[in-house]
Each structure stands twice: as structure tokens, then as C-alpha cells.
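# Structure at a glance
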Amino acid sequence: MAPTAAHSCRLVVSLLISAAVLRPGFGLYTVNSVYGDTIVMPCRLEVPQTLMFGKWKYEKPDGSPVFIAFRSSTRKHVQYDQVPEYKDRLSLSENYTLSISHARISDEKRFVCMLVTEDDVFEAPTVVKVFKQPSKPEIVNKAQFLETEQLKKLGECVSKDSYPDVNITWYRNGKTLDPSEDVVTTLQRQVDPVTQLSTVTSSLMYKTTKNDIKIPFTCSVTYYGPSGQKTIYSDQAFFDIYYPTEKVTIHILPPKNSIKEGDNITLKCLGNGNPPPEEFLFYLPGQPEGIRSSNTYVLTDVRRNATGDYKCSLIDEKSMIAATTITVHYLDLSLNPSGEVTKQIGDAFPVSCTISSSIKNATVVWLKDNTKLRSRPSFSSLQYQDAGNYVCETNLQEVEGLKKRESLTLIVEGKPQIKMTKKTDPNGLSKTIICHVEGFPKPAVQWTITGSGSVINQTEESPYINGRYYSKIIISPEENVTLTCTAENQLERTVNSLNVSAISIPEQDEADDISDENKEKVNDQAKLIVGIVVGLLLAALVAGIVYWLYMKKSNYSPKPCPQSDINGKSEKAAAQKFQTHLRTASKHVNKDLGNMEENKKLEENNHKTEA
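Structural notes, computed from the coordinates. None of these values were measured; they are calculated from a predicted model. (Residues numbered from 1 in each chain as written. Predicted model: local features only at pLDDT ≥ 70, side-chain atom pairs only at ≥ 80, totals over all residues. Heavy atoms only, no water.)

### Some points on the overall build of the protein chain
If you tally the helices and strands in the protein chain, you get three helices and 40 strands. Counting only residues that meet the buried cut, the protein chain has 37% of its 611 residues in that class. Of all intrachain contacts in the protein chain linking residues separated by at least 6 positions in sequence, the fraction that spans at least 24 positions is 62%. Of the roughly 36,500 Å² of accessible surface on the protein chain, a fraction of 51% belongs to carbon and sulfur atoms. (Helix = DSSP H or I, 4+ residues; strand = E, 2+ residues; numbered from the N terminus. Buried < 20%, exposed > 50% of the residue type's maximum accessible area, 1.4 Å probe, protein only. Contact = heavy atoms within 4.5 Å. Areas by Shrake-Rupley, 256 points an atom, 1.4 Å probe, with all protein chains shown as cover.)

### Comments concerning the sheet that holds strand β15 (residues 183-191)
Sheet architecture is open: four strands sit in the order β10-β12-β16-β15, paired in antiparallel fashion. Each having just a single partner strand, β10 (138-140) and β15 make up the two edges of the open sheet. Each adjacent strand pair in this sheet contributes to an overall mean axis angle of 25°, direction not counted. (Pairing = 2+ DSSP bridges. Axes fitted to C-alpha atoms, helices over the stretch in contact; angles between N-to-C directions.)

### Concerning unusual backbone geometry
Here the bond from N274 into P275 is cis, since omega is 0°, no more than 30 degrees from zero. Within the fold, P275 resides in the loop between β21 (265-271) and β22 (279-283). Across the junction of F440 and P441, the peptide omega takes the value 0°, indicating a cis bond. Relative to the helices and strands, P441 resides in the loop between β34 (431-440) and β35 (444-449). Not every positive phi belongs to a glycine, and Y96 is a case in point at roughly 70°. Looking at the secondary structure, you find Y96 in the loop between β6 (90-92) and β7 (98-100). Unusually for a residue other than glycine, N370 sits at a positive phi of about 70°. Taking relative accessible area as the criterion, N370 reaches 72% and is therefore assigned exposed.

### What to know about the pattern of salt bridges
Taken as a whole, this structure holds 21 salt bridges when the rule is applied. Linking R172 and D212 is a salt bridge whose minimum nitrogen-to-oxygen distance equals 2.5 Å. Taken together, the residues span a long stretch of sequence, with R172 in strand β13 (residues 167-172) and D212 in the loop between β16 (198-207) and β17 (217-225) at a distance of 40 residues. Its relative accessible area of 1% is what places D212 among the buried residues. (Salt bridge = Lys/Arg side-chain N within 4 Å of Asp/Glu carboxyl O.)

### As for the pairing of strand β8 (residues 110-117)
For a regular strand, side-chain orientation follows a simple rule: the groups alternate between the two sheet faces. Within β8, eight of the eight residues are buried, which leaves it mostly tucked inside the rest of the structure. Here β8 shows two buried faces, one formed by R110, V112, M114 and V116 and the other by F111, C113, L115 and T117. Pairing between strand β3 (residues 51-59) and β8: seven bridges, direction antiparallel. For G54, the partnering residue across the bridge sits in β8 and is L115. Sheet topology note: the β8/strand β9 (residues 121-131) ladder contains seven bridges and is antiparallel. Within β9, the position partnered with F111 by the bridge is T126. Between β8 and the antiparallel strand that follows it, β9, lie three residues.

### Thoughts on the state of the cysteines
Applying the stated criterion to the full structure yields five disulfides. Here C43 pairs with C113 through a disulfide, and the sulfurs are 1.9 Å apart. The S-S bond linking C43 to C113 shows a torsion near -85°; that makes this disulfide left-handed. Of the two residues, C43 sits in the loop between β2 (39-41) and β3 while C113 sits in strand β8, which places them 70 residues apart along the sequence. The exposure class of C43 is buried, given its relative accessible area of 2%. C113 gets classed as buried once you look at its relative accessible area, which sits at 1%. (Disulfide = S-S within 2.5 Å.)

### Topic: the packing of aromatic side chains
Counted according to the given criterion, the structure contains 12 aromatic pairs. With 5.7 Å between their ring centres and 75° between their planes, F379 and Y390 make a pair best called edge-to-face. Taken as a pair, F379 in the loop between β31 (371-372) and β32 (388-395) and Y390 in strand β32 lie far apart in primary sequence, 11 residues in all. By relative accessible area, which is 9% here, F379 ends up buried. Aromatic rings pair up to connect Y58, Y86 and F111 into one cluster. The ring of F145 carries K152 above its face, with NZ or CZ at 3.8 Å from the centroid. For the cation-ring pair, K442 lies above Y469, with the distance from its terminal atom to the ring centre recorded as 4.7 Å. (Phe/Tyr/Trp six-rings, centres within 6.5 Å; stacked < 30°, edge-to-face > 60°. Lys NZ or Arg CZ within 6 Å of the ring centre and 35° of its normal.)

### Considering the sheet that holds β7
Backbone-to-backbone hydrogen bonds join strands into a sheet, with any given pair of strands oriented parallel or antiparallel. Read from one edge of the open sheet, three strands run β2-β7-β6, paired in antiparallel fashion. Whereas interior strands pair on both sides, the edge strands pair on one side only; in this sheet they are β2 and β6. The average undirected angle you get between the axes of adjacent strands in this sheet is 15°. In this sheet, β7 lies alongside β2 in antiparallel orientation, the contact comprising three bridges. Residue pairing across strands places V40 opposite S99, the latter belonging to β7.

### A word on the nonpolar core
Ranked by size, the top nonpolar core spans 26 residues in total, and within it M41, W56, I68, L98 and F111 carry the most contacts. Where this core is concerned, the elements lending two or more residues are β2, β3, β4 (65-72), β6, β7, β8 and β9. Each residue touching F111, except ones within four places of it in the same chain, is listed here: M41, W56, K57, Y58, I68, Y86, I100, A124, P125, T126 and V128. By size, the runner-up hydrophobic cluster in this structure holds 22 residues, among which are A143, L154, L177 and L204. (Core = buried A, V, L, I, M, F, W, Y, C linked by side-chain atoms within 4.5 Å.)

### Brief notes about the pairing of β35
Bridging between β35 and strand β39 (residues 481-488) involves six bridges; their strand directions are antiparallel. Within the sheet, the bridge partner assigned to T448 lies in β39 and is T484. Here β35 pairs with strand β36 (residues 455-456) via two bridges, running antiparallel. Paired with T448 across the two strands is V455, which belongs to β36. The hairpin formed by β35 and β36 contains five residues between the paired strands, and G451 there has a positive phi angle of roughly 100°.

### Digging into the environment of F440
When you line up the elements, F440 lands in strand β34. When the C-alpha atoms of F440 and V412 are compared, they prove to be 6.9 Å apart, with 28 residues separating the residues in sequence. Setting aside residues up to four positions removed in sequence, F440 forms contacts with Y384, I411, V412, E413, G414, Y464, N489 and L491.

### Quick word on the environment of P477
Note on placement: P477 falls in the loop between β38 (468-475) and β39. Residue P477 is classed as buried on the basis of its relative accessible area of 9%. Note: C-alpha distance between P477 and S430 (47 residues apart in sequence) is 7.9 Å. Among all residues touching P477, those that are not within four sequence positions of it are V500, S501, A502 and I503.

Structure representation (C-alpha cells):
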């Protein structure tokens, strides 16, 4: 028995040594694992009944074996070799499946499962591949700006912690940037000596154009994982594109169609380059030399002589220039006379309002005491009602806020004038005496009884309107009296008296005062009556003459009778008929003349003044 056991032991050792040095060339099996996960490698061999033990090994780059795990089939004993990189990371199951926790890049080797019997050694190799997904690519060290027609570094696309190697691609607006004169890329890889993970950096040199304004740039990283090839994209990056100014424009603030005298004008010059020019030359009307300023130039309190052409240009390229025309609108108004003017009643008073403007369609409006007048005021003979506050106002509708106005305060003065009337109450118990007064300033009225000089204080006054008002007293005199009405203002003192009979004595009432409007109506009626009377008289005269001529020329005689009788009777009848027409016309004339006389008397009474 002893020689037999010794022979078996020598056979196993020789088989292990042979298996350690001989590498099979077929049957390779690959296990793909993710960095940090657990690598699981089944033995893939059928366990023989005569199995003595199983072992795992890996091969170094030079082919020499390194045993890492042992398991006995009889004693169920597991033993792990003292390999530092796999300490506390190995696990060998009963079916001889080997697990390696916390997969590393260094675990990417060729492992071999070995099952040993007394007569043979069975092997099954497994290749381990470890993959590490890279981090999301990021564009760093981005250029603050890109200039047209210049090849400049746009930025760097960085992808960290990857395995195996990755590829980086650049995109413009979603389309791949292929290498050319305008696109140059440089790739760099750095491997961490501990983790053996790679960091890949791609730098992009790019010649930009104005078409790249607001265009996104991105990059991507393409890598291999356990399930195949994948791609990760970076966030979009935008770049400020610098390009030279190709055109200059000038702007006016406020809008140039509404500039008026007194406004402040801001000239603003802009270039279409990026960045835009910060300084310009401004040319004012009549000034050949430009004024250097920022992109704005301010004119304050402009006048009409500021109308003209304004220009601006680049400082270093004066031929690139822009121009505009400015019209300063104006509006002049002259009211003659203006201010406060005092005139006498009945005076002629010419008023004129003259307009001058930059636009010839200025509208003029007259106001009196804040009420719009239909036409321009004209005063050939001033009346009290003409007094008031007059305003001449004008504006230009095309220019907002351009309006002018001047005012005239007209004062119409007049000496006091008095007209007294009396009226007996219908029941005969009292008499009403009225003193009609006109004048300006408002005259003060005083009533006295002539002879005694007594002052009557119980009076009633009407409102003072258009220089007129009245003062009224009611008395019941027991005897005849004379009442005196005194009106006085700063110009004159006027006195008028009126005899009033005792209440017991009947007397004819005097007509009350009538207004200007009623005066006009009376005058119109008088003219109408005169016209009617004249027409009637002419009609009667013509009828009489025609009748007389007819009778004179007629030869008709109904009965033979003496010629003298016929002629006598005919002439007598004609004369009677003519007298009848004359009497009728005379009655109408007398009646109409009487009305006319009454109207004339009323009109004379209205203008009567006693001092």
C-alpha cells in the first residue's frame, strides 16, 4: 500500500505541474464585469466521481501560474492562497464557482479552474473583462468669446474614470465637426496609477463665423460596456461671437417727428459689430469737425435753428457714417392787445391773434370765460356784455404737447344811466317805483324823497348782469311826492326824479324798461308796419287811377239822358268810391302809425337820461 500511495502522490504533482505550464488553445470563456461589481466565474467542468480537490489559478503576463484558491472534495476544506491583491475578495463555492468581489481593472486576467483526480487534471480557462463607464463629458476651459476669421481654442471636452479607452467627438448644432483647416482637435489620456482608470481630454481649435451666433456646441464620449457600445453627450455650450462693425445707424430720441422747441434731443449712434463700438464722432449742422463722444450725444433746450442734418461715424473709420434730418417744430402766438384792458362803453376795440408755426395747419380757438366761441370776437361798439376773459389758443396736432395760449381781460366801463318807471298795483293799494340803472363799475343806488331829503332803505334789487340791474321800492303815498334815484360809481354821479301822485289819484303807468332783445323785436315790427302801410297806399292809388281812366274812356250809356247828368253821376260815384278807399287806407295807416309811435316812444324812453 505504501508504494502505491507514494506513486499516486507523485502522479498528481506531475500533473499539476504539467497543467500549470501548458495553456490550452481552445475553449476560452469570457466573463464581462462592471468595475466595482462581483466577478462570478463558474468552473464549467463536470465534477468527476474520483475528484480529489479543485483549484483556481490565474496566469501572469509571462505565463507563469499563480494559485489563489483550493477546495478538498473529501474534507470540504477551502483554502485561499496568500495573494495580496485578492485578500478577502475570494469566495469558492461547493461547485467550484469562484467569485471575486469589488472588481478592479487588474482583475482583467485569464483564470483557470482545475479539477484533480488520481489519474488526471481537468482545466477550464475563463477570461475576465472589466468595464468602467466614463463620467458625463463636460466642456471646460471655454473661450470667453470667439473672433471671426481667427483659429482659436473653443474649449476642452473632458471624460473621466473610463475603461477601456474611449473616443470623443465634437458637434456643432448637432452635426459632427470633422477635422479640417477650421477644426483641429487634440486628444490626451491620463491613467490613474492606482485605479488604472483613464481621463480623456479633447481640445478643439475652431475658426468661427457670424453664422455661429447662438449656435450650440456639444461633445460626446463613446465607450464599450458589458452590453456593447454606448455614447454619452455633454450639455450644450454657447459662445459669444465677436465680429467687426459693418454698418452704422443713428437714432433720435424722442421720435424726430415730435420734436419741439424746448425739448432735449438725444442722438444715439450704433454699430452692428460685436462688441459694438463704444465711441463715435458726431457731426452737427454746419460743423465739419466731429465731436467725440460715447454712443449718445445730448442737445438740451433746442430751438428752431437746430433744424438740420445730423451724422455720426466710427472714430477709426470715418467713411462708415450714418445721417438723419431733424426738424424742430415751433409755434408762435401773438395776441394784440393782451393782458388787462379797460375800455369805455361804445368804443371800437380791434383784437387780433396772429399765428406762426413750422406746420401750416395750426388750429385757432377762441374762448370767453372758458366757453368756446364760434368765431373771432369783433367789437365795433363795446357793450357791457362784451366784458370778460378772452383766450386765444392754438396747437399743432402733429406734434404732441405743442400748444400756445394768450389771454385778454376786457373791462368795459360806463357812467351810470338811469330810467325810472312806476306802476300802480291792480288793487290800487300801492305803487311800485323802479329805478333801472346801468354802468360799470356797478353803481350804488340811493332813494330819497325830494323836499324832505328822507332816505328810503327798504329796497329790492335785481342781480347785476351785463352792467345792468334795477332797484325797486313799493309805496302807498297819501299825497303827491317826488322820488329821486341816485346812481354813483367811480366815473360819475347821476340823479333822476319821478313825480308820483297820491294813491287816491289815478294816473297812467309808465312802461317798464325793455331789454336789448325786445328793442330789436320792436324795431323789426315797426319796419314791417311801415312797409305794409306804404304798400296799401300805393295799391289804393293805383286802383283809383285805373278806375278813373276806365270811366273817362268808356263810351257805354244804358239810357239816353242829358250828357251833363251822365257825366255828373259818373264822376260823383267815382269820387265816392275813391274816398271810401282812402278812408280805409287812412284807418290802417293811422293804426299802424300809432303802433309805430308807441314803439318809437318806448325806444326813446330806454335811452333817456336825466342828470
